[in-house]
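For reference, the chains in residue letters:
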Amino acid sequence: MERFFKYILPLLISIVAAVEFYQVLMRYVFELPVMGLDELLIYPTLWLYLLGSVNAAREDTQIKANVLDVFLKTDKSKLAVRVVADIMSVVVSIWLTYWAWDYFVYAKTVWKESPTLYIPTFWAECSLFIGLVLMTLYSGWYMLINMRRLATFPAPVKES
């Protein structure tokens with residue numbers, strides 16, 4: 001999976017940058033706007049955002065506000081707070097994935113097309129559901145790892 005993200009994310013960001021550069025060049029330098037380019041740009045942009053989020057969930061590098069860590073003294077209490085945060089993340093992810101599933105089914109049923117190029121928008125809209133499923137799985141994985149670490153945390157040694 002690491003190899004997939006290593007190649008697909010730079011490819012997607014390069015596509016987005018190149019298309020935006022072309023759009024700006026044509027519109028503002030040559031004064032020849034390219035119709036439908038904005039519609040095309042939606043596809044790699046949405047997949048870039050969602051796959052980038054999945055990669056952050058895979059690496060467990062999402063932005064976190066670990067404010068309580070400043071006040072907690074022991075590693076066990078910090079780990080307990082992390083487990084609670086992981087549980088909340090998984091619950092919210094499941095809830096969002098449920099709503100994304102509803103939207104996925106709706107998008108598949110309606111099968112909208114873009115207004116200028118008539119490209120099915122389903123291929124951009126399905127990225128939300130696929131991304132949230134993967135983020136939920138990775139969040140659940142880290143939650144289980146941290147719960148196991150907390151359950152097997154060594155007890156403090158009492159001195160006699």
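In what follows, the accompanying structure is described.

Each value, and the rule that gives it
Residues numbered from 1 in each chain as written. Predicted model: local features only at pLDDT ≥ 70, side-chain atom pairs only at ≥ 80, totals over all residues. Heavy atoms only, no water. Helix = DSSP H or I, 4+ residues; strand = E, 2+ residues; numbered from the N terminus. Rg over C-alpha atoms; globule rule 2.2 N^0.38 Å. Areas by Shrake-Rupley, 256 points an atom, 1.4 Å probe, with all protein chains shown as cover. Lys, Arg positive; Asp, Glu negative; His and termini not counted. Charge placed at Lys NZ, Arg CZ, Asp CG, Glu CD. Expected span 1.5 Å × (residues − 1). Axes fitted to C-alpha atoms, helices over the stretch in contact; angles between N-to-C directions. Parallel < 35°, antiparallel > 145°, perpendicular 65-115°, else oblique. Left-handed = near helix turned anticlockwise from the far one by under 90°. Nonpolar A, V, L, I, M, F, W, Y, C, P; charged D, E, K, R; others polar. Buried < 20%, exposed > 50% of the residue type's maximum accessible area, 1.4 Å probe, protein only. Polar contact = N/O pair within 3.5 Å; in protein donor to acceptor, adjacent residues only side chain to side chain. Core = buried A, V, L, I, M, F, W, Y, C linked by side-chain atoms within 4.5 Å. Contact = heavy atoms within 4.5 Å. Salt bridge = Lys/Arg side-chain N within 4 Å of Asp/Glu carboxyl O.

Next up on the list: the overall build of the protein. Across its full length, the protein carries five helices and zero strands. Counting from the amino terminus, the protein carries its helices and strands in the arrangement α-α-α-α-α. Relative to the 2.2 N^0.38 estimate, which gives 15 Å for 160 residues, the radius of gyration of the protein is 22 Å and therefore markedly larger than a compact globule would have. Put simply, the protein shows about 11,200 Å² of open surface, and 70% of that area lies on carbon and sulfur atoms. The centroid of the 14 positive side-chain charges in the protein is displaced by 12 Å from the centroid of its 14 negative side-chain charges.

With that out of the way, let us pick up helix α2 (residues 37-59). Counted at 1.5 Å a residue, the expected span for α2 with its 23 residues is 33 Å, and the 33 Å between its end C-alpha atoms agrees. Once α2 ends, the next one or two residues include Asp60, with phi positive near 55°.

Across the interface, helix α4 (residues 75-110) lies against helix α5 (residues 122-151) with an axial gap of 8 Å and an inter-helix angle of 160°. Looking at the two axes, α4 sits roughly antiparallel to α5. For α4 against α5, the interelement crossing comes out left-handed. Counted by class, the contact of α4 with α5 contains 22 nonpolar, six polar and six charged residues.

With that out of the way, let us pick up the side chain of Glu125. The topology assignment puts Glu125 in helix α5. Take Glu125: its relative accessible area is 13%, and that puts it in the buried class. Among the polar contacts listed, one links the side chain of Glu125 to the side chain of Tyr103, at a separation of 3.0 Å.

Counting residues in each nonpolar core, the largest one holds 17 residues, and the members touching the most others are Phe5, Leu9, Leu51, Val54, Phe104, Phe122 and Met135. Put simply, the parts of the chain that give this core at least two residues each are α1 (2-29), α2, α4 and α5. Those residues in contact with Phe122 that lie beyond four places of it in its chain are Phe104, Ala107, Lys108, Trp111 and Lys112.

A few words on the pattern of salt bridges. As enumerated under the stated definition, the model contains five salt bridges in all. For Arg82, the salt bridge goes to Asp86, with nearest N and O atoms at 3.0 Å. Placement of both Arg82 and Asp86 in helix α4 is noted, with a separation of four residues, approximately one turn of the helix. Judged by its relative accessible area of 7%, Asp86 is buried. Put simply, Lys112 and Glu125 hold a salt bridge, and the shortest N to O gap is 3.0 Å. Of this pair, Lys112 sits in the loop between α4 and α5 while Glu125 sits in helix α5, placing them 13 residues apart in sequence. What makes Lys112 partly exposed here is its relative accessible area of 33%. One network of salt bridges, with partners in common, ties together Asp60, Lys64, Arg82 and Asp86.

Direction vectors running N to C along α1 and α2 enclose 150°, while the axes themselves pass 9 Å from each other. Our classification of the angle between α1 and α2 gives roughly antiparallel. As α1 packs across α2, the resulting crossing turns out to be left-handed.

What follows is about the environment of Val81. Following the sequence through the fold, Val81 ends up in helix α4. For Val81 and Asn66, which are 15 residues apart along the polypeptide, the C-alpha to C-alpha distance reads 9.1 Å. Leave out the neighbours within four places in its chain, and Val81 touches Leu68 and Leu72.

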